[in-house]
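# Breakdown of the fold
Here's the letter readout for the chains.
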Amino acid sequence: MMSMKAMFFLRLFVLFSYVLIAQVDVKESNISIPMINLSSGFHVPGEDLLERFGQSSSLGIGFQVKKTSNFYWGLDIMAISGATVKEDNILNIITADSIDIIDVNGHTASIRFWQRGAHAQVFGGKIISIIGPNPNSGIFIQGGLGFLYHQIRIEDIGNNSPQINEEMLKGYDRLCMGISSSQFIGYRHFSNNQKINFFVGIEFIQAFTEDVRKYDYNDQSSYEDNRVDLLSGLKFGWTFPLYKKSDNKYYYY
């Protein structure tokens, strides 16, 4: 049998839990919402990044907490990929007649170039409730500080070319990394039924990077490459709030 003291604390816990649940009403007032975001984006390059790559896409995941004041903070990371690499002469020193790489079987190797990278940041912002179905939705303005890297991925189909094995690739891949800042303006939506939650807007990223390899195998020389790499574009995200839903039930003791 449960003691009277244990029964009292159990009832107190249930009552306290109910009060918390009953207070979570997204359509009536500003509430605190922890959430997980999944995002996708499309960006165009600028400054030094424009000379190396074309347009890119991104996939990201993050965690965010919105306070009752509609200020919020969070962190996220996104993977960056693109199919357009403008510096396609990086392997000239090991090509035959400056056209092809010959593999170990004496055949022309199949080589592909890709853009690869990632961006991680901490951010903060404010939701301004001038539009939307409830006080938690609206236009948001956000700023962030983080870290960005990018490189040229060189893919040898079949892996039959010792000239560009894993170790040798470091002399050709133009790996760059550095600190970044970002700005994001858009619209965030929390539906009254708590089922449709998303954000969409325009993102701007400025990265101050440098080439970490310091040596170019193609030119057979060392070098310094301090860069300003810009990305700007459209970003959309789906949000999974972690608040408890109200069941509008009453409990009596």
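Residues numbered from 1 in each chain as written. Predicted model: local features only at pLDDT ≥ 70, side-chain atom pairs only at ≥ 80, totals over all residues. Heavy atoms only, no water.

### Points about the packing of aromatic side chains
Operational definition: When the centres of two rings from Phe, Tyr and Trp lie within 6.5 Å, Trp using its six-membered ring, the rings pair. Their planes under 30 degrees apart give stacked, over 60 give edge-to-face, and anything left gives tilted. In DSSP terms, a helix is any run of H or I states spanning at least four residues, a strand is any run of E spanning at least two, and both are numbered starting from the N terminus. The buried label goes to any residue with under 20% of its type's maximum accessible area, the exposed label to any with over 50%, and the partly exposed label to all in between, with areas taken from a 1.4 Å probe on protein chains only.
For the structure shown, the criterion picks out seven aromatic pairs. Taken together, a centroid distance of 6.2 Å and an interplanar angle of 65° make the contact between Tyr72 and Phe123 edge-to-face. Here the residue Tyr72 occupies a position in strand 3 (residues 71-82), and Phe123 occupies one in strand 4 (residues 110-128), the gap between them amounting to 51 residues. Each of the two residues, Tyr72 as well as Phe123, counts as buried. Ring geometry for Tyr72 and Phe140: centres 6.5 Å apart, planes at 75°, overall edge-to-face. A residue pair is termed long-range when its members are at least 10 positions apart, and Tyr72 in strand 3 and Phe140 in strand 5 (residues 138-157) qualify at 68 residues. Taken individually, Tyr72 and Phe140 each receive the classification buried, so the pair is uniform in this respect.

### Remarks on the sheet that holds strand 1 (residues 33-47)
Operational definition: At least two DSSP bridges between two strands are required for those strands to pair. In this analysis an axis means a line fitted to C-alpha atoms, helices contributing only their contacting stretch, and an angle means the value between N-to-C directions, from 0 to 180 degrees.
As summarised here, the arrangement of the eight strands in space is 1-2-3-4-5-6-7-10, forming a closed barrel in which the pairing is antiparallel. With strand direction ignored, the average angle separating the axes of adjacent strands in the sheet is 25°. Relative to strand 6 (residues 176-190), strand 5 is paired through 13 bridges, and the arrangement is antiparallel. Residue pairing in the sheet places Gln142 in a bridge with Phe184 of strand 6.

### Some remarks on the side chain of Asp173
Selection criterion: Pairing of N or O atoms within 3.5 Å defines a polar contact, subject to two protein rules: one partner must be a possible hydrogen donor and the other a possible acceptor, and residues neighboring in sequence count only if both atoms are side-chain atoms. We call two residues in contact when some of their heavy atoms are within 4.5 Å.
Mapped onto the elements of the fold, Asp173 is located in the loop between strand 5 and strand 6. The exposure class assigned to Asp173 is buried, which follows from its relative accessible area of 6%. Polar contacts involving the side chain of Asp173 include one to the side chain of Gln151, which spans 3.2 Å. Excluding anything up to four places from it in sequence, Asp173 contacts Gln151, Ile152 and Arg213.

### Quick notes on the nonpolar core
Note the cut-off: Residues enter a nonpolar core if they are buried and are Ala, Val, Leu, Ile, Met, Phe, Trp, Tyr or Cys, with the set joined through side-chain atoms within 4.5 Å.
Core analysis: the largest hydrophobic core is formed by 16 residues, its most contacted members being Leu91, Leu148, Ile152, Ile154, Ile164 and Leu231. Listed by contribution, the elements that provide at least two residues to this core are strand 3, strand 5 and strand 7 (197-211). The element contributing the most residues to this core is strand 5, with three residues. In this view, Leu231 contacts His43, Val44, Pro45, Leu49, Ser56, Ile80, Leu148, Glu203, Phe204 and Ile205; residues no more than four positions away in its chain are not counted. Membership of the second largest hydrophobic core comes to six residues, among which are Tyr72, Phe123, Phe184 and Phe199.

### So, the pairing of strand 2 (residues 56-66)
Summarising the sheet, strand 1 and strand 2 pair through eleven bridges and their orientation is antiparallel. Residue pairing in the sheet places Pro34 in a bridge with Val65 of strand 2. Hairpin connection between strand 2 and strand 3: a loop of four residues separates the two successive antiparallel strands, and Asn70 in this loop has a positive phi of roughly 70°.

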